[in-house]
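Coordinate inspection notes
So you can see what is in the structure, the chains are spelled out below.
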Amino acid sequence: MNLHTIGMARNTLLPPSFRLCTICYTSTSAVHSIEIWNDPTYSPNPVAAEKALELWSVCWNAGHKLTGIGGSDSHVIPTERYEDCDMPSLIGDPATYVWCEHLSAESVLEGVRRGHVYVSRGPVLEAAIRAGRDEYRFGSDMSAAFAGKDTAEDNRMIYCTLRITSEANVQVALVHNGRIDSSQAAAAAQEEGQPIILEWAIPWESEGYHWYRFDIRDEAGQLLAFTNPVYHGSKQPQPMTWNELIARTDLSEI
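Figured I'd write up the structure that's included with this text. The model shown is predicted, which means the values in this text are computed figures rather than measured ones. (Residues numbered from 1 in each chain as written. Predicted model: local features only at pLDDT ≥ 70, side-chain atom pairs only at ≥ 80, totals over all residues. Heavy atoms only, no water.)

As for unusual backbone geometry
Note the cut-off: Segments assigned H or I by DSSP are reported as helices when at least four residues long, segments assigned E as strands when at least two residues long, and all are numbered from the N terminus. Relative accessible area decides the class of each residue, using a 1.4 Å probe on protein chains only: under 20% of the type maximum gives buried, over 50% gives exposed, and in between gives partly exposed.
The residue after D93, namely P94, is reached through a cis peptide bond having omega 0 degrees. Along the chain, the position of P94 falls in the loop between β4 (67–71) and β5 (95–100). Backbone geometry places D39, a non-glycine residue, at a positive phi of 25 degrees. Overall, the relative accessible area of 2% leaves D39 in the buried class. Notably, N177 is not glycine yet its phi reads approximately 50 degrees, a positive angle. Along the polypeptide, N177 turns up in the loop between β10 (170–176) and β11 (179–186).

As structure tokens, this is what we get:
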């Protein structure tokens, strides 16, 4: 499999800070993805990204499995900075990483539609996600993992291994249905390019609809990366507009 990077995809909703526009009346059924994060060096954007994460969780809890993406959306040259920031605004900060079969526009877009995506402004992620005998990528439906199998309920688990190559110490949260289930801290690798390895064993919940993603932050709590969810079970999404989704989320600070 090849790992490629993109900035945006068609049929994408913009972050919730852009509320006063025609997209507010767009139905969620008309889109595949939502831009969660762009240019963290622009001062309003870190707060907007946190709110977008909340809104994205609301989408998933309502059964709308939109792919979360990000992009630098840079409006200045690399030698320039915004007045209130001491870091340059760089292309690819953050970047969207997509697993796809071929290096072609259609293959990348198909990877986005399938949710085989994580977004990062530094850490490089490799994941091994296993349930039953099958392995899954970010964005995958795991519902069939134990279908028709005689595995005892107590032995049904989702095993996740994250290999994180990062220059910074990280805190990794497992988010289950929009709430932090657990978190692990890891120090930056002592040798350049040496990944941090973190593991989770998540009990399989046989009833209902469940989704899981990882949020990666630095020691100060600043967002460094997030993955798209894996999930199992089903929930029939009810058609709603962007405005209706916003009404379910507290966006008062944006």
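This is not the end of the story, as more comes after the structure.
Some points on the packing of aromatic side chains
Any two aromatic rings considered together are summarised by their centre-to-centre distance and by the angle between their planes. Our working definition: Each Phe, Tyr or Trp ring (for Trp, its six-membered ring) is paired with any other whose centre lies within 6.5 Å, and the angle between the two planes then decides the class: stacked below 30 degrees, edge-to-face above 60, tilted in between.
A complete count under the given rule lists eleven aromatic pairs for this structure. Judged by centre distance (4.7 Å) and plane angle (5 degrees), the ring pair of Y97 and Y118 falls under stacked. On the criterion of sequence distance, the pair formed by Y97 in strand β5 and Y118 in strand β6 (residues 117–120) is long-range, its members being 21 residues apart. Summarising the burial analysis for this pair, Y97 and Y118 share the class buried.

Some thoughts on the sheet that holds strand β7 (residues 124–131)
Cut-off, in case you're wondering: Here, any two strands with at least 2 DSSP bridges between them count as paired. Angles shown run from 0 to 180 degrees and are taken between the N-to-C directions of axes, each axis being a line fitted to C-alpha atoms and, for helices, limited to the stretch in contact.
Pairing within the open sheet is antiparallel, and its four strands lie in the order β8-β7-β9-β12. Strand pairing shows two members of the sheet lacking a second neighbour, β8 (134–136) and β12 (196–203), which therefore form its edges. Averaged over neighbouring strand pairs, the angle between their axes works out to 20 degrees when direction is ignored. Here strand β9 (residues 157–165) pairs with β12 via eight bridges, running antiparallel. Within β12, the residue paired with Y159 across the bridge is A201.

Focus: the environment of F214
Definition in use: Should any heavy atoms of two residues lie within 4.5 Å, those residues are counted as being in contact.
Position of F214 among the secondary structure elements: in strand β13 (residues 210–217). Sequence separation between F214 and A173 is 41 residues, and the spatial gap between their C-alpha atoms is 5.6 Å. Residue contacts for F214: discarding those within four places in its chain leaves C160, L162, V172, A173, L174, W200, A225, F226 and T227.

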